[in-house]
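# Observations on the three-dimensional arrangement
Here are the chains, one letter per residue:
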Amino acid sequence: MPTILTILGARPQFIKASALTRSITRRGDLEFKQIILHTGQHYDALLSDIFFNELNLPKPEFKFLLKSEDRKSRLHEMKVAISEAILICKPDAVLVYGDTDSTLAGAQAANELGLPVIHVEAGLRSFDLEMPEEINRVATDKISSVLIAPTTTAVRNLNKEGIFGAFHTGDIMHDNAIHFTRDLVLEKAPSILLTMHRPSNVDSIDRLKSWIDSIGEWCCKKGLMATFPIHPRTKKSLISLYGEVWSKELEKINIKAVLPVGYIELLKLIKGSSLVITDSGGIQKEAYSCETPSVVIRRNTEWVELVNAGHTVLCPEPNQLSNLADRQNGRVLDVTDFLYGNGNAADEILDIISNALF
Ligand code: UDP
């Protein structure tokens, strides 16, 4: 039976893998075996184990405990460990998702050992080379054999780089959001879901303070409460900014910090809110899937069709937040444009993989 080694490492990848895994289980006609490798990039229980349990993902056959601190050595450490795993389990192909360091390490390890690389979420571009994710995307696409692009824009981006033959499917994150919210009866209430963890927003204390001040001021003015699941990276900066009383300081300005939540809880928060404010790649799309308008606190996005359709707006600077949040809050989205497919991308991807490789 053909075997695929799936490389996972970070929270969004666990979620992405759940759509394809459900499809593999459902499709008895397409027989192939999936082996899961967890690089250990996200090891915190709230960023990792919770998703394996909640999403019913198979237990990883390989799981590493990374020792390196800096990005370059960590990439190298992951690549070496993945190469060793490949030599042990001898897969027919290696599948990577998205744009994390685990994605690139997995693609490089497979490529160096002469194995086909399947890249799910190929062709996305923010055109911002200051984002490590952008470097990971470009480098992974160049060495992938089967490129699965979630949008026509992504296919065009690849063509412009001289990469042809990508397959256009919908988006598997959208599949998941549809699957897990299908039976959820939840009215939207005036409230905000806030997430923020990109290094460009949270690593500088001054920048983080400007965002918090502008979001808090807007929430207070409107009498709205923002729920803010805190990423460990953001928490570190908030402690430097406000000390151990950081969550009390946030609460004074209508921002309620909570621990990172599980995926289903996150979807409920998105679906029940009147506005999402985020710098997350995944959450801006989940907002669309849950028909909630959003403000993306970044200079750019790789999901440009959301901006073009007006489902989201980019907010590059904190002083623009108030106007843009006013504009988006409570808007009713028309999602009959099916920007990310109809919830069956995973099935299409499985067909593509089995036709292309086996
Ligand atoms: N997520 C979650 N709980 C949280 C925050 C995020 O389940 O508290 C999920 C959400 O589905 C999101 C995914 O994790 O799409 C990845 O989010 P993150 O913002 O970490 O990464 P990005 O998409 O920006 O790479």
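Further up the page is the structure itself.
Below is a short write-up of the structure. (Residues numbered from 1 in each chain as written. Predicted model: local features only at pLDDT ≥ 70, side-chain atom pairs only at ≥ 80, totals over all residues. Heavy atoms only, no water.)

## Details of the site of the ligand
- What surrounds the ligand is a group of 18 residues, the closest being Arg11, Val261, Ser280, Gly282 and Glu286.
- Taking Glu286, its side chain carries an N or O atom lying 2.6 Å from an oxygen atom of the ligand.
- Alone, the ligand offers 520 Å² of accessible surface; in the complex the protein occludes 94% of this.
- Secondary structure elements with two or more residues in the shell around the ligand: helix 1 (11-26), helix 12 (263-272) and helix 13 (281-289).
- The element contributing the most residues to the shell around the ligand is helix 13, with 4 residues.
- Along the lines of polarity and charge, the residues of the shell around the ligand split into 10 nonpolar, 5 polar and 3 charged. (Near = heavy atom within 4 Å. Polar contact = N/O pair within 3.5 Å; in protein donor to acceptor, adjacent residues only side chain to side chain. Areas by Shrake-Rupley, 256 points an atom, 1.4 Å probe, with all protein chains shown as cover. Helix = DSSP H or I, 4+ residues; strand = E, 2+ residues; numbered from the N terminus. Nonpolar A, V, L, I, M, F, W, Y, C, P; charged D, E, K, R; others polar.)

## Side note on the environment of Asn300
- Along the chain, Asn300 falls in the loop between strand 12 (294-296) and helix 14 (304-308).
- Separated by 13 residues in the primary sequence, Asn300 and Val313 have C-alpha atoms spaced 9.8 Å apart.
- Apart from residues lying up to four places away in sequence, Asn300 is in contact with Ser126, Asp128, Met131 and Leu314.
- Of note is the side chain of Asn300, whose polar atom sits 3.1 Å from the side chain of Asp128. (Contact = heavy atoms within 4.5 Å.)

## Some points on empty space enclosed by the protein
- Summed over the entire model, instances satisfying the criterion amount to 1 cavity of 30 Å³ or more.
- Within this model, the largest cavity holds a volume of roughly 40 Å³.
- Around the largest cavity, the lining residues are Val120, Glu121, Ile148, Ala149, Pro150, Thr169, Gly170, Asp171, Ile172 and Ile349.
- Split by residue class, the lining of the largest cavity holds 6 nonpolar, 2 polar and 2 charged. (1 Å grid on protein atoms, 1.4 Å probe; cavity = no way out; pocket = protein on both sides within 12 Å on 5 of 7 lines; lining within 4 Å. Points joined across faces, edges and corners; volume = space filled by probe spheres on them.)

## Overview of the pattern of salt bridges
- Per the counting criterion, the structure on display carries 23 salt bridges.
- With its nearest N and O atoms 3.0 Å apart, the salt bridge here joins Lys79 to Glu112. Of this pair, Lys79 sits in helix 3 (residues 71-89) while Glu112 is found in helix 4 (residues 101-112), placing the two residues 33 residues apart along the sequence.
- Across the pair Arg298 and Glu302 runs a salt bridge whose closest N-O atoms are separated by 2.7 Å.
- The class for Arg298 is buried, based on a relative accessible area of 5%.
- For Glu302, a relative accessible area of 8% translates into the label buried.
- By sharing partners, the salt bridges in this structure join Asp99, Glu134, Arg137, Arg298 and Glu302 into a single network. (Salt bridge = Lys/Arg side-chain N within 4 Å of Asp/Glu carboxyl O. Buried < 20%, exposed > 50% of the residue type's maximum accessible area, 1.4 Å probe, protein only.)

## Brief notes about the packing of helix 7 (residues 172-181) against helix 12
- Look at helix 7 against helix 12: their axes get within 10 Å of each other, and the N-to-C directions meet at 85 degrees. Taken together, the axes of helix 7 and helix 12 lie roughly perpendicular to each other. Residues Met173, Asn176, Ala177, Phe180 and Thr181 of helix 7 form the contact with helix 12, whose participating residues are Tyr263, Ile264, Leu267 and Lys271.
- Tallied by class, the residues present in the contact of helix 7 with helix 12 amount to 6 nonpolar, 2 polar and 1 charged. (Axes fitted to C-alpha atoms, helices over the stretch in contact; angles between N-to-C directions. Parallel < 35°, antiparallel > 145°, perpendicular 65-115°, else oblique.)

## Some details on the sheet that holds strand 11 (residues 275-278)
- If you walk across this open sheet you meet the 6 strands as 10-9-8-11-12-13, and the pairing is parallel. Two strands close off the open sheet at either side, each with one partner strand: strand 10 (255-258) and strand 13 (312-314). Each neighbouring strand pair of the sheet contributes to a mean axis angle of 20 degrees, computed without reference to strand direction. (Pairing = 2+ DSSP bridges.)

## Describing the packing of aromatic side chains
- Per the stated rule, a full pass over the model turns up 5 aromatic pairs.
- Here Phe32 and Phe358 contribute two aromatic rings whose centre-to-centre distance is 5.6 Å and whose plane-to-plane angle is 50 degrees, an arrangement assigned as tilted. Here Phe32 is found in the loop between helix 1 and strand 2 (33-38), whereas its partner Phe358 is found in the segment after helix 16 (345-357), with 326 residues between them in sequence.
- For Phe32, a relative accessible area of 8% corresponds to the buried category.
- Ring centres 5.5 Å apart and planes at 85 degrees place the aromatic pair Trp303 and Tyr340 in the edge-to-face group. Of this pair, Trp303 sits in the loop between strand 12 and helix 14 while Tyr340 sits in the loop between helix 15 (321-328) and helix 16, placing them 37 residues apart in sequence. Of the two residues, Trp303 and Tyr340, neither departs from the other in class, the shared state being buried.
- An aromatic cluster of three or more residues is present, and its members are Tyr288, Trp303 and Tyr340. (Phe/Tyr/Trp six-rings, centres within 6.5 Å; stacked < 30°, edge-to-face > 60°.)

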